[in-house]
Amino acid sequence: MKQAKGYFGRRKNVWTVAKNAVEKAMTYAYRDRRAKKRNFRSLWITRINAGARQHGMSYSQFMGKLKANEIELNRKVLADLAMNHPEAFEAIVNKVK
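Residues numbered from 1 in each chain as written. Predicted model: local features only at pLDDT ≥ 70, side-chain atom pairs only at ≥ 80, totals over all residues. Heavy atoms only, no water.

- Going by what an unreviewed UniProt entry lists, the chain is known as 50S ribosomal protein L20 and is assigned to Constantimarinum furrinae.
- According to UniProt, the comment filed for the chain under the heading Function (unreviewed entry) is "Binds directly to 23S ribosomal RNA and is necessary for the in vitro assembly process of the 50S ribosomal subunit. It is not involved in the protein synthesizing functions of that subunit." (UniProt positions renumbered as here; feature names shortened; annotations may be inferred.)

Right, here's the structure in full:
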């Protein structure tokens, strides 16, 4: 019942309804903690792709050349550079070209 605090209607004060609501909420929370990781990776890839295409490369070409040149920056960092520091991202692109 403590976990159902703040729920609306019978979900907060009727035992069976509250139990079911809390179970469902926990299931969604467990599932979405994993989905969040997938969503962020997808967002990072989209941002890197946009940044790479501004310099005439596709995402796959850019990532392939990064690996070939042994530049070990993860997608989170690359996406941040592409969005917030375009001059630094451009330097990386020029280095791998």
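After presenting the structure, the write-up continues.
## A few points about helix 4 (residues 86-96)
Line of reasoning, step 1. Buried residues of helix 4: Phe89, Ile92, Val93 and Val96, and no others. The buried residues of helix 4 occupy one face: seen down the axis, they fall within an arc of 100°. Of the residues in helix 4, the exposed ones pointing more than 90 degrees away from the buried face are Glu87 and Lys95.
Line of reasoning, step 2. Considering only its buried residues, helix 4 is in contact with helix 1 (15-53), helix 2 (59-68) and helix 3 (75-84). (Buried < 20%, exposed > 50% of the residue type's maximum accessible area, 1.4 Å probe, protein only. Helix = DSSP H or I, 4+ residues; strand = E, 2+ residues; numbered from the N terminus. Arc of directions from axis to C-beta. Contact = heavy atoms within 4.5 Å.)

## Observations regarding the side chain of Ser58
Line of reasoning, step 1. Its place among the elements puts Ser58 in the loop between helix 1 and helix 2.
Line of reasoning, step 2. Residue classification places Ser58 among the buried residues on the basis of a relative accessible area of 14%.
Line of reasoning, step 3. A distance of 3.3 Å separates a polar atom in the side chain of Ser58 from a polar atom in the side chain of Ser60.
Line of reasoning, step 4. In this view, Ser58 contacts Asn49, Ala52 and Arg53; residues no more than four positions away in its chain are not counted. (Polar contact = N/O pair within 3.5 Å; in protein donor to acceptor, adjacent residues only side chain to side chain.)

## Points about the nonpolar core
Line of reasoning, step 1. With 16 residues, the main nonpolar core has Ile48, Phe62, Leu66, Leu78 and Phe89 as its most contacted residues.
Line of reasoning, step 2. If you list the elements that add at least two residues to this core, you get helix 1, helix 2, helix 3 and helix 4.
Line of reasoning, step 3. Setting aside chain neighbours within four positions, we find Phe89 in contact with Ile48, Gly51, Ala52, His55, Phe62, Leu78, Leu81 and Ala82. (Core = buried A, V, L, I, M, F, W, Y, C linked by side-chain atoms within 4.5 Å.)

## Examining the environment of Lys2
Line of reasoning, step 1. Assignment of secondary structure puts Lys2 in the segment before helix 1.
Line of reasoning, step 2. We classify Lys2 as exposed; its relative accessible area is 80%.

## Describing unusual backbone geometry
Line of reasoning, step 1. Phi angles above zero are rare outside glycine, and Glu70 is one such case at about 55°.
Line of reasoning, step 2. Relative to the assigned elements, Glu70 resides in the loop between helix 2 and helix 3.
Line of reasoning, step 3. Since its relative accessible area comes to 67%, Glu70 is described here as exposed.

## As for the environment of Ala52
Line of reasoning, step 1. For Ala52, the location among the structural elements is in helix 1.
Line of reasoning, step 2. By relative accessible area, which is 0% here, Ala52 ends up buried.
Line of reasoning, step 3. Sequence spacing of Ala52 and Val93 is 41 residues, and the spatial spacing of their C-alpha atoms is 7.3 Å.
Line of reasoning, step 4. Those residues within four positions of Ala52 in sequence are excluded, and the remaining contacts are Met57, Ser58, Phe62 and Phe89.

## Concerning the pattern of salt bridges
Line of reasoning, step 1. Counting across every chain of the model gives two salt bridges.
Line of reasoning, step 2. Where Lys19 meets Glu23, a salt bridge forms, and the shortest distance between an N and an O atom there is 3.9 Å. One end of the pair is Lys19 and the other is Glu23, both in helix 1 and four residues apart, which spans about a single turn.
Line of reasoning, step 3. One salt bridge in this structure joins Arg31 and Asp32, with 2.9 Å as the shortest N-O distance.
Line of reasoning, step 4. Residue classification places Arg31 among the partly exposed positions, given a relative accessible area of 45%.
Line of reasoning, step 5. What makes Asp32 partly exposed here is its relative accessible area of 35%. (Salt bridge = Lys/Arg side-chain N within 4 Å of Asp/Glu carboxyl O.)

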